[in-house]
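For reference, the chains in residue letters:
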Amino acid sequence: MVVFPNAKINLGLNIISKRPDNYHNIETLFYPIGLSDILEVVPISASVERSLISLSGIVVDGEPKDNLVMKAYHLLAEWFDMPAVQIYLDKNIPFGAGLGGGSSDAAFMLRLLRDKFDLPVEDDELLSLAVKLGADCPFFLLNCPMMARGIGNEFEQVDFSLFGKFIVLIKPSVKISTPEAYALVKPNRPEVSIPEILKMPIKEWKDLLKNDFEESVFYRYPVIRTIKERLYFKGAVYASMSGSGSSVFGIFDHPVDVKDDFPTCFVWQGNCGY
Ligand SMILES: C[C@](O)(CO)[C@H](O)COP(=O)(O)OP(=O)(O)OC[C@H]1O[C@@H](n2ccc(N)nc2=O)[C@H](O)[C@@H]1O
Ligand SMILES: Nc1ncnc2c1ncn2[C@@H]1O[C@H](COP(=O)(O)OP(=O)(O)OP(=O)(O)O)[C@@H](O)[C@H]1O
């Protein structure tokens, strides 16, 4: 069974308050994009006790046994009898990028195992398991434009689409650790909520729709601010850092050629699908 775990961008990201469990309450619109990893799971012989993982593509740091897809397997294996599996994961989504790639792999793995082995797990139980693997993880089980609140796992479906627009995603070589990025932000309540801003014409978003991580991340890594400015210079109708960075996306009314603009960066371009 092969699946294609996709990345997300955050349209607006307000960090509202710090919680007693050291997480933060946030408000953000998750928007799925077409940049995807490739994940395959094959059952292996009953004589092999441990699941195996084979990685290709972008090299993820950490031990393969600590990969989030392995953690997803073991989370379900605590509750259900499953055979050992051979996992193939081809990474195309950069990490330390604010694109939720690891969370997406984990969410797709949970659903793939549930479906492949016919495990008696309802969709809402899968959502509760997913959050144990990461705050971004439950979103990828829904995978359509969603307002998220709480730690990012309380959802409200929104009537919102960027269909017809074109997205350019730029990831510089710098990688950003999510806990470190949260530690640098002072939480605050926004004056205007994200759904209210998203109802306005997209050309009005520039001064209203904010990612609260940008200020401290841009201060530390000015190259990320420069990328955002360059995307506006190229004609983006809206540009922002995604999640805790370091990637920046630009939304355009039409396809653009940026291949010479960011020679040292990872660049991805595609249509907005929803
Ligand atoms: C920045 C975002 O990508 C926006 O979508 C997410 O909030 C991050 O989600 P994630 O990477 O899945 O986060 P997790 O792996 O669950 O948490 C990593 C660390 O980030 C911090 N964290 C994460 C989510 C959240 N709402 N508040 C936090 O303070 C915590 O220190 C936590 O220990
Ligand atoms: N399958 C995986 N893909 C990517 N990273 C993984 C994976 N499994 C474990 N990791 C670890 O998780 C860390 C962050 O991964 P991820 O791609 O989710 O983060 P991110 O780009 O910061 O996204 P976000 O902040 O939006 O969750 C990596 O540094 C890596 O060590």
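Residues numbered from 1 in each chain as written. Chains lettered and ligands numbered in written order. Predicted model: local features only at pLDDT ≥ 70, side-chain atom pairs only at ≥ 80, totals over all residues.

Asker: Just checking my understanding: could you explain the environment of Gln-86 for this structure?
Answerer: Tracing the backbone through its elements, the reader meets Gln-86 in strand 6 (residues 85-91). Residue classification places Gln-86 among the partly exposed positions, given that 15 C-beta atoms sit within 10 Å. Not counting residues within four places of it along the chain, the set of residues in contact with Gln-86 comprises Val-42, Ile-44 and Leu-52. (Helix = DSSP H or I, 4+ residues; strand = E, 2+ residues; numbered from the N terminus. Buried ≥ 20, exposed ≤ 12 C-beta atoms within 10 Å, placed from the backbone. Contact = placed C-beta atoms within 7 Å.)

Asker: Could you clarify how one ought to interpret unusual backbone geometry in this entry?
Answerer: Among all residues save glycine, negative phi is the norm, and among peptide bonds the norm is trans. Cis rather than trans, the peptide bond between Gly-245 and Ser-246 has omega equal to 15 degrees. Counting through the fold element by element, Ser-246 comes out in the loop between strand 10 (238-241) and strand 11 (248-252). If you check the backbone angles, Asn-22 has positive phi at about 75 degrees while not being a glycine. By the secondary structure assignment, Asn-22 is in the loop between strand 2 (6-18) and strand 3 (24-36). What makes Asn-22 exposed here is the crowd of 9 C-beta atoms within 10 Å. Of note, the phi angle at Asn-143 is positive, near 60 degrees, even though the residue is not glycine.

Asker: Just checking my understanding: could you explain the site of ligand 2 for this structure?
Answerer: Near ligand 2 you find 21 residues, and of these Leu-68, Phe-95, Gly-101, Gly-102 and Gly-243 are the closest. Among the elements of the structure, helix 1 (68-77) and helix 2 (101-116) are those that each provide at least two residues to the shell around ligand 2. Its residues assigned to classes, the shell around ligand 2 shows six nonpolar, 11 polar and four charged. Counting contributing residues per domain, the shell around ligand 2 is built from domain 1 (2-156) and domain 2 (160-271), each supplying no fewer than three. (Near = placed C-beta within 6 Å. Nonpolar A, V, L, I, M, F, W, Y, C, P; charged D, E, K, R; others polar. Domains from an automatic or database assignment.)

Asker: Any chance you could explain the domain arrangement of the protein chain here in plain terms?
Answerer: The parts lose accessible area when they come together, and the size of an interface is often stated as this lost area. Annotation of the protein chain at the domain level lists domain 1 (2-156) and domain 2 (160-271). In this structure, domain 1 and domain 2 have C-alpha centres spaced 23 Å apart. Each partner contributes residues to the interface: domain 1 has 27 residues there, and domain 2 has 35 residues. Those elements that provide at least two residues to the side of domain 1 that touches domain 2 are strand 2 and strand 3. Considering each element in turn, the side of domain 1 that touches domain 2 owes the most residues, 10 residues, to strand 2.

Asker: What's the story with the nonpolar core in this structure? I'm lost.
Answerer: Within soluble globular proteins, side chains that are nonpolar generally end up buried alongside one another. Counting residues in each nonpolar core, the largest one holds 61 residues, and the members touching the most others are Val-69, Ala-72, Ala-106, Met-109, Leu-110, Val-248 and Phe-249. The residues that make up this core include at least three from each of domain 1 (2-156) and domain 2 (160-271). In this view, Met-109 contacts Leu-39, Val-69, Ala-72 and Tyr-73; residues no more than four positions away in its chain are not counted. (Core = buried A, V, L, I, M, F, W, Y, C linked by C-beta atoms within 7 Å.)

Asker: I tried to follow helix 2 on my own but got confused; where do I start?
Answerer: Since there are 3.6 residues in each turn of an α-helix, residues three or four apart along the chain are aligned in direction. Look at helix 2: 22 Å from first C-alpha to last across 16 residues, which is about the 22 Å you get at 1.5 Å a residue. Of all 16 residues making up helix 2, 12 are buried, and the element is well covered by its neighbours. Listing the buried residues of helix 2 in full gives Gly-101, Gly-102, Ser-103, Ser-104, Asp-105, Ala-106, Ala-107, Phe-108, Met-109, Leu-110, Leu-112 and Leu-113. Of the residues one or two after helix 2, Asp-118 is the one with positive phi, at around 55 degrees. (Expected span 1.5 Å × (residues − 1).)

Asker: What should I look at first to understand the environment of Gly-96 in this one?
Answerer: Summarising the element assignment, Gly-96 is placed in the loop between strand 6 and helix 2. Judged by C-beta crowding, with 21 C-beta atoms within 10 Å, Gly-96 ranks as buried. In the structure, Gly-96 is positioned 80 residues away from Ile-176 in sequence and 4.8 Å away in space, judged by C-alpha atoms. The residues touching Gly-96, leaving out its near neighbours within four places in the chain, are Lys-175, Ile-176, Ser-177 and Ser-246.

Asker: Explain the site of ligand 1 here, please?
Answerer: As a matter of local geometry, ligand 1 sits amid 20 residues, with Gly-134, Ala-135, Asp-136, Ile-151 and Gly-243 nearest to it. Here the shell around ligand 1 is built from residues that sort into seven nonpolar, 12 polar and one charged. Here the shell around ligand 1 spans two domains, since at least three of its residues come from each of domain 1 (2-156) and domain 2 (160-271).

Asker: When you look at the sheet that holds strand 7 (residues 146-149) in this model, what are you seeing that I'm missing?
Answerer: Across a sheet, strands are paired by hydrogen bonds formed along the backbone, either parallel or antiparallel in direction. Reading across the sheet, the four strands line up as 2-3-7-8 and stay open at both edges, with antiparallel pairing between neighbours. Since the sheet does not close on itself, it has two edges, and those belong to strand 2 and strand 8 (154-157), each with one partner. Direction aside, the axes of adjacent strands within the sheet are offset by 25 degrees on average. As judged from the 10 bridges shared by strand 2 and strand 3, these two strands associate in the antiparallel manner. When the bridges of strand 3 are listed, Ser-17 appears paired with Asn-25. (Pairing = 2+ DSSP bridges. Axes fitted to C-alpha atoms, helices over the stretch in contact; angles between N-to-C directions.)

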